Amino acid sequence: MVDSRFFSSIGSVYLRDIASLTGASITMASGARGDENRPFTNVAPLDRAQEHDISFLDNVKYIDMFATSQAGACFIRPKYKERAPAGMILLVTEDPYYAYALTTQHFYPEPKVEAGISPLASIAKTAVIGKGVRVDAGAVIGENVTIGDSSWIGANTVLAPSVKIGSHTRIGALCTLSHTIVGNRVVIHRGVHIGQDGFGFAPSPKGILKVPQMGRVLIGNDVEIGSGTCIDRGAGPDTTIGDFTKIDNLVQIGHNVQIGKYVIIVAQCGISGSTQIDDGVQIGGQVGVAGHLKIGAGAKLAARSGLMHDVPAGETYGGAPAIPAKEWRRQMVAIGKLGKKKELLDE
Amino acid sequence: MVDSRFFSSIGSVYLRDIASLTGASITMASGARGDENRPFTNVAPLDRAQEHDISFLDNVKYIDMFATSQAGACFIRPKYKERAPAGMILLVTEDPYYAYALTTQHFYPEPKVEAGISPLASIAKTAVIGKGVRVDAGAVIGENVTIGDSSWIGANTVLAPSVKIGSHTRIGALCTLSHTIVGNRVVIHRGVHIGQDGFGFAPSPKGILKVPQMGRVLIGNDVEIGSGTCIDRGAGPDTTIGDFTKIDNLVQIGHNVQIGKYVIIVAQCGISGSTQIDDGVQIGGQVGVAGHLKIGAGAKLAARSGLMHDVPAGETYGGAPAIPAKEWRRQMVAIGKLGKKKELLDE
Amino acid sequence: MVDSRFFSSIGSVYLRDIASLTGASITMASGARGDENRPFTNVAPLDRAQEHDISFLDNVKYIDMFATSQAGACFIRPKYKERAPAGMILLVTEDPYYAYALTTQHFYPEPKVEAGISPLASIAKTAVIGKGVRVDAGAVIGENVTIGDSSWIGANTVLAPSVKIGSHTRIGALCTLSHTIVGNRVVIHRGVHIGQDGFGFAPSPKGILKVPQMGRVLIGNDVEIGSGTCIDRGAGPDTTIGDFTKIDNLVQIGHNVQIGKYVIIVAQCGISGSTQIDDGVQIGGQVGVAGHLKIGAGAKLAARSGLMHDVPAGETYGGAPAIPAKEWRRQMVAIGKLGKKKELLDE
C-alpha cells in the first residue's frame, strides 16, 4: 500500500494503542468485543486494505466499498455498524476521518529536519540562521534574513533581504519570499511566491502610473500555503494571513487582503485587493472575490462563487454573482425549468 | 517566418515527399495536376506564407485569408477547393491540421538531447542516471532517484529522493517532483510541481488536523503536462495520469484523482480530489470539477463548466452547475429572452 | 508605517514640493490656506496615517475613515472637502490615487540596480551582457542570449539560448524564458514562464499528434507581467504583448495571442489561442476568453466573464457567456426575481 521508498513507518502497533490515541471504541459487527491486542502494520483505503491494515469510512458514497472491504479494522460512525463485513474490527467514533489522520500520523511520523547548510546554497554574511536549520542546494538567502530554529528552506528557494522566518517552518523548493515575515510551524509548499508587488496602477490621462507597493506580507503561525500560490504584499497596509489558516494550490491573494485565523481557501481562488476575510471562513475552489469586501466570521462560499458584496458572519453564499445559498438553489431550480418553457424558446 | 535563431530547419523538401508523408493528394484549384517536384523550404500561417511555404486551412473562420494567401501550397479539405487562389498548389486531405503538424515536424525535427551532466548540478551519490541523460545547471537530484536513458532534466529543477523518471522524458526548468514515478517519452514543461501534499485537513472540534498524504503520483507514457500545473500526490491511493494524456498550463489536479488515457485538459482547470476521469475525456479551459465524481469515457466538458455530478460516457456537458449540453443551450436561450421580459424587470 | 527594513525613504519633503510634483492645490477644510512649508516624512493609509504622513481618499467606501483620519495631509477630490477632519491639510486634485502614487514614488524611489554578475550564476560564453547588468546567484544564461544595459536577472532564473532582453528590464527570481524577445523597462515578476510550447495537438484517428510550435513571444516596452503567469509562444505566428500593457498574476496566455498597448489583464484570466486584444482593453479577474476572437480597442470585460464572441471596440461585456453589460445586468435582475416565482418552483 504505502510505498516504503517514499515513506517510513514506525512498524507494528497494537489496536489498543490506536483506540487510546483516537478515543474510538473497539467492537465487531456482531456486537462481540474486538481483539484490542491485535497488531496492525499500516493504514490503507477501503478497497486496498488487507488484514493488518486500518481503514476508514467517512463519505457515505463509499459504503458499498466498506461492506466488502478486507480491512482488518476500520474507523466508522456508529450508524454504519450494521453494514460492516463479518470479521472486521470496528473503531467506532463520531469523527472517523480525524481518527484516521491521527492514526496515519502515528504510523508515519513526519521525519525530523536534518540540520545542515548545503555548500551549494548562497547565504549572505548578515543572515542570521537559527539552530538545527536546514538549507538545501541552490537556495539564496539574502542580507539580513532571519531564519528561526529547526526551519527548512528548500532547494533553489530565494529569500530576499530582510525576510524573517520563524522556527519549525518548512519552505519548499523553488519559492520566493520578499517583504515578508513568517511565523512558526508554517508549511509553504513548492513554487509559492510571496511579497511581490501588488497589481497597483493608477490610470490617468497622463498614462498608467505604477503605484509603489510599500506594505509587507505577515503570515501567522501554523499556516499552510499550497504550491503555485501567489500572495502580493500590501500597498501601504500589510497583507496578512492569520494563524492556522490553510490555503490550497494556485490561489491568488491581492494586496492588503486581511485573512483571519482558521480560514480555509481551496485551490485556484482569487481574492482581490483590500478584502477582509474573518476567522473560520471556508471558501470553495475557483471562487473569485472582488476587492474591498468583508466576509464575516464563519461564512462559507460555495465552489466557483463570484462574490461582489459583503457576506454576513455565518452565512453560506453561492453563485455568481454570489447570493445566499438558499436563494441560489431556488434560482438554479427555476433556471432548470426555464429551459423547458416553450414560450421562452420560441419567438 | 520561422526565426532561425530559435529553430533549425532541415532545409528544402520536395512536394512529393510531403504528399507521401501526409497522404495528401496534390492538385490545383483549376483541377490541373500540381507540380510534385517543386521544392519547399518552410511552413507558415496563411497570412504570412509565400511562394516556397506550405500552409493549412483548418478553421473555416480563416477562409478569406486562404482565398488571398500567397502560400505556394496549402493543406485543405476537399470542400474548400473552389475558394483557392489561382496558382496555389492544394494538398487535399480530410485532416489538414494533422498533415500540417506532420510536415512541420519534418521540417523542424526535435533536436536530439545532448547528453551531459552539468558540473553545476547537484547529484546524490545513490542516484542512478541512465545513458545519454542531460542534467542542466542548478538541478538537484536527490538520493535514490532513477533517471532513464536519454532523458533531460532542466535547469534548477528539483527531484526529491526516490523519484523515478523513465527514458526519453523531458522535464523543463524549475520543476519539482517528489513521491512520483514518471513513464517514458513524457514532456513536463517548466514550473510544474508534482507530488506535494494534497489538501487534506480533518476539521473537528479539536482543531484542524493535517491528514498525512501517503500516496504517490503515477504518470504513464507519452504524457504532456503544461507550465505552472500542480499535481498533488494521493492521500492513500495514488494520483494517476494515463498514457498519452495532455494537460495544459496552470491546471490543478487534487489528490487521488485518476485520469485515463488520451484525456485532454485545457488550461486553468481544477480537478478536485478522488475524481475519476476515463479514457478520451476532453475538458475545456477553466473548468472546475468537484471531488469524488466519475466522468465516463469520451465525455466532453465545455470550457468554464462547473461539474457537480457524474457524467455518463460519451456525453457533452456545459454550464455551472454543468448539465447536458443540449439542455444547457436551451437554458441559455431562455435566459437571453428573460432579460427582455418586462414583467420580470418591473415590480 | 512603512517598514524601513524593506524600503528606503529619501527622508523629509516639504508640502510645496508635493503640490508642485502632483499639481494638487493646498487648502484646509475650513477654507483657510494650508501651510505649504510643513515637512512630511511618509505616506500612509487613512487609518494609520499620523501628523507627518500624507494619505489619500480615492474610493468613497472609505469616506468615514477619511473623516476621522489623523493624516497630516490628504489627497482628495474637491467634492469631499466638507467631510475633512479639522486640522487636516487637503491636497485637492481630480486624481488623488495618481497623485498619491507619484508622491510615494518620490518618497521611495526605486533603488538603482547594483551591477554585478554573481559568481554563482552560469553564463554561456556566447552570451552578450550589457553595461550595468545584474545577474543573481543560480541564474542560467544560455548561448547567444543578449541582455541590454542596466537590466537585472533574478536568482535561479533561466534564459534559454538566443533569448533577447532589452535595457532597464527586471526579471524576477525563478522565471524561465525561451524563444522570447523582451523590450526595455519591462518588469517580469517571479515565477513567470514565457515561451514554452503552446497547447497544440492535432487529434486524428491515428492518435494525438503534437503540433510543433514554431513562433516566438514578443514583449514590447514598459510591460509588466505578474507572478506565476504563463505565456506560450506562437505556433507559427508570434504571441505578442504591446507596450505599457500590464498583466497580473497567474494569467494564462495561449499561443498566437496578440495583445495591444495599454491593455490591463487582472489575475487568473485565461486567453485562448489566436485571440486578438486591441489597445486599451481592460479585462477583470478570472475571465476566460475563447480562441480566435477579437476584442476591440478600449473594450472592457467584467470579472469572471466567459467570452465566446467578438467584442466591438469601446463596449463593456459581462457574464458567461458574455454579453453587453446592460443586457447582462437586466438578465441578473430577471434571474433574481425568477427564484421567487412560485410557478417555476412548483410543478
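Residues numbered from 1 in each chain as written. Chains lettered and ligands numbered in written order. Predicted model: local features only at pLDDT ≥ 70, side-chain atom pairs only at ≥ 80, totals over all residues.

**Some thoughts on the overall build of chain A**
Scanning chain A for helices and strands turns up 5 helices and 40 strands. Viewed in the frame of its principal axes, chain A has a C-alpha envelope of about 80 × 75 × 30 Å. Counting every position in chain A, which comprises 347 residues, the buried fraction comes to 57%. Long-range pairs, those at least 24 residues apart, make up 23% of the contacts in chain A with a sequence separation of at least 6. (Helix = DSSP H or I, 4+ residues; strand = E, 2+ residues; numbered from the N terminus. Buried ≥ 20, exposed ≤ 12 C-beta atoms within 10 Å, placed from the backbone. Contact = placed C-beta atoms within 7 Å.)

**Structural notes on helix H1 (residues 15–22) of chain C**
Every α-helical turn comprises 3.6 residues, leaving residues that sit three or four positions apart pointing alike. Residues and elements named next belong to chain C. Buried within H1 are the following residues: Leu15, Ile18, Ala19 and Thr22. Looking down the long axis of H1, one finds its buried residues gathered within 100 degrees of arc, a one-sided arrangement. Once H1 ends, the next one or two residues include Gly23, with phi positive near 75 degrees. (Arc of directions from axis to C-beta.)

**Let's talk about the relation of the copies chain C and chain A**
Mapping chain C onto chain A leaves a residual RMSD of 0.1 Å; the transformation is a rotation of 120 degrees accompanied by 0.0 Å of translation along its axis. The superposition of one copy onto the other is thereby described by a three-fold rotation axis. Taken as a fraction of all interface residues of chain C, those also at the interface in chain A reach only 15%, which identifies the copy contact as different-surface. (Least-squares fit on C-alpha atoms with pLDDT ≥ 70 in both.)

**Focus: the relation of the copies chain B and chain A**
Relative to chain A, chain B is turned by 120 degrees and slid 0.0 Å along the rotation axis, the superposed coordinates differing by an RMSD of 0.1 Å. Interface overlap between copies: only 18% of the residues of chain B at the interface are likewise at the interface in chain A, consistent with a contact formed by different surfaces.

**As for the sheet that holds strand S2 (residues 25–28) of chain C**
Residue and element names in this part refer to chain C. Overall, mixed pairing links the 5 strands, which are arranged S2-S7-S6-S5-S4 in an open sheet. Because the sheet does not close on itself, it has two edges, and the strands there are S2 and strand S4 (42–43). As judged from the 2 bridges shared by S4 and strand S5 (residues 53–56), these two strands associate in the parallel manner. Bridge pairing links Asn42 to Asp53 in S5. (Pairing = 2+ DSSP bridges.)

**Considering the interface of chain C and chain A**
Taken together, the contact pairs 52 residues of chain C with 45 residues of chain A. For the side of chain C that touches chain A, the element with the most residues is helix H3 (residues 96–107) of chain C, which contributes 6 residues. Among the residues forming the side of chain C that touches chain A, the class breakdown is 27 nonpolar, 15 polar and 10 charged. (Nonpolar A, V, L, I, M, F, W, Y, C, P; charged D, E, K, R; others polar.)

**Notes on the interface of chain B and chain A**
Contacts between the two partners involve 45 residues from chain B, matched on the other side by 52 residues from chain A. Looking at the side of chain B that touches chain A, the elements that each hand over two or more residues are strand S22 (201–204), strand S23 (207–210) and helix H4 (325–338) of chain B. Split by residue class, the side of chain B that touches chain A holds 21 nonpolar, 19 polar and 5 charged.

**Concerning the domain arrangement of chain A**
Domains assigned within chain A are domain 1 (13–107) and domain 2 (175–329). Here the C-alpha centre of domain 2 of chain A lies 38 Å away from the C-alpha centre of domain 1 of chain A. (Domains from an automatic or database assignment.)

**Some words on the environment of Leu15(A)**
All names here are of chain A. Within the secondary structure layout, Leu15 lies in helix H1 (residues 15–22). Spatially, the C-alpha atoms of Leu15 and Ala29 are 16 Å apart, while their sequence positions differ by 14 residues. Every residue in contact with Leu15, bar those within four places of it in the chain, is listed here: Ile26, Asp35, Glu36, Arg38, Phe40, Ala73 and Ile89.

**Here we look at the sheet that holds strand S4 (residues 42–43) of chain B**
All names here are of chain B. The strand order across the open sheet built from 5 strands is S2-S7-S6-S5-S4, with neighbouring strands paired in mixed fashion. If you trace the sheet from one side to the other, it starts and ends with strand S2 (25–28) and S4, each paired once. Across 4 bridges, strand S6 (residues 73–76) lies against strand S7 (residues 89–92) in parallel orientation. The residue bridging Phe75 from the neighbouring strand is Leu91, located in S7.

**Let's talk about the environment of Ser227(C)**
Residue placement: Ser227(C) occurs in the loop between strand S25 (224–225) and strand S26 (230–231). Placed 53 residues apart in sequence, Ser227(C) and Leu174(C) show a C-alpha to C-alpha distance of 9.8 Å. Those residues in contact with Ser227(C) that sit more than four places away from it in its chain are His193(A), Gln196(A), Cys230(A), His189(C), Arg190(C), Gly191(C), Val192(C) and Asn249(C).

**Regarding the packing of helix H1 (residues 15–22) of chain B against helix H3 (residues 96–107) of chain B**
Residue and element names in this part refer to chain B. One can describe the packing of H1 onto H3 by two numbers: an axis separation of 9 Å at closest approach and a directional angle of 125 degrees. The angle between the axes of H1 and H3 places the two elements in the oblique class. As H1 runs across H3, the sense of the crossing is right-handed. Contacts from Ile18, Leu21 and Thr22 of H1 reach H3 at Ala99, Leu102, Thr103 and His106. For the contact of H1 with H3, the class distribution of residues is 4 nonpolar, 3 polar and no charged. (Axes fitted to C-alpha atoms, helices over the stretch in contact; angles between N-to-C directions. Parallel < 35°, antiparallel > 145°, perpendicular 65-115°, else oblique. Left-handed = near helix turned anticlockwise from the far one by under 90°.)

**Structural notes on the environment of Gly298(B)**
Residue and element names in this part refer to chain B. Inspection of the secondary structure puts Gly298 in the loop between strand S36 (294–295) and strand S37 (300–301). Residues Gly298 and Val158, 140 residues apart in the sequence, show an inter-C-alpha distance of 35 Å. Beyond its immediate chain neighbours, meaning those up to four positions away, Gly298 contacts Gly280, Val281, Ala313 and Gly314.

**A word on H3(C)**
Residue and element names in this part refer to chain C. With 12 residues, H3 should reach 16 Å at 1.5 Å per residue; the first-to-last C-alpha distance of 16 Å fits that figure. Along H3, 10 of the 12 residues are buried, which leaves the element largely enclosed by surrounding structure. Among all positions in H3, only Pro96, Tyr97, Tyr98, Ala99, Tyr100, Ala101, Leu102, Thr103, Thr104 and Phe107 are buried. (Expected span 1.5 Å × (residues − 1).)

**Side note on the pairing of S5(C)**
Residue and element names in this part refer to chain C. Burial of the side chains of S5 extends over both faces: Asp53 and Ser55 are buried on one face and Ile54 and Phe56 on the other. As judged from the 3 bridges shared by S5 and strand S6 (residues 73–76), these two strands associate in the parallel manner. From the neighbouring strand, Ile54 faces S6, where its bridge partner is Ala73.

**Quick notes on unusual backbone geometry**
For the peptide bond that leads from Ala320(A) to Pro321(A), omega is 0 degrees, which places it in the cis range. You can see Pro321(A) is positioned in the loop between strand S39 (316–318) and strand S40 (323–324). A positive phi is found at Asn144(B), a non-glycine position, where the angle reads about 65 degrees. As for its placement among the helices and strands, Asn144(B) is situated in the loop between strand S12 (140–141) and strand S13 (146–147). Asn144(B) sits in the partly exposed class, given 17 other C-beta atoms within 10 Å. The phi dihedral of Gln268(C) is positive, around 65 degrees, even though this residue is not glycine. Tracing the backbone shows Gln268(C) in the loop between strand S31 (264–265) and strand S32 (270–271).

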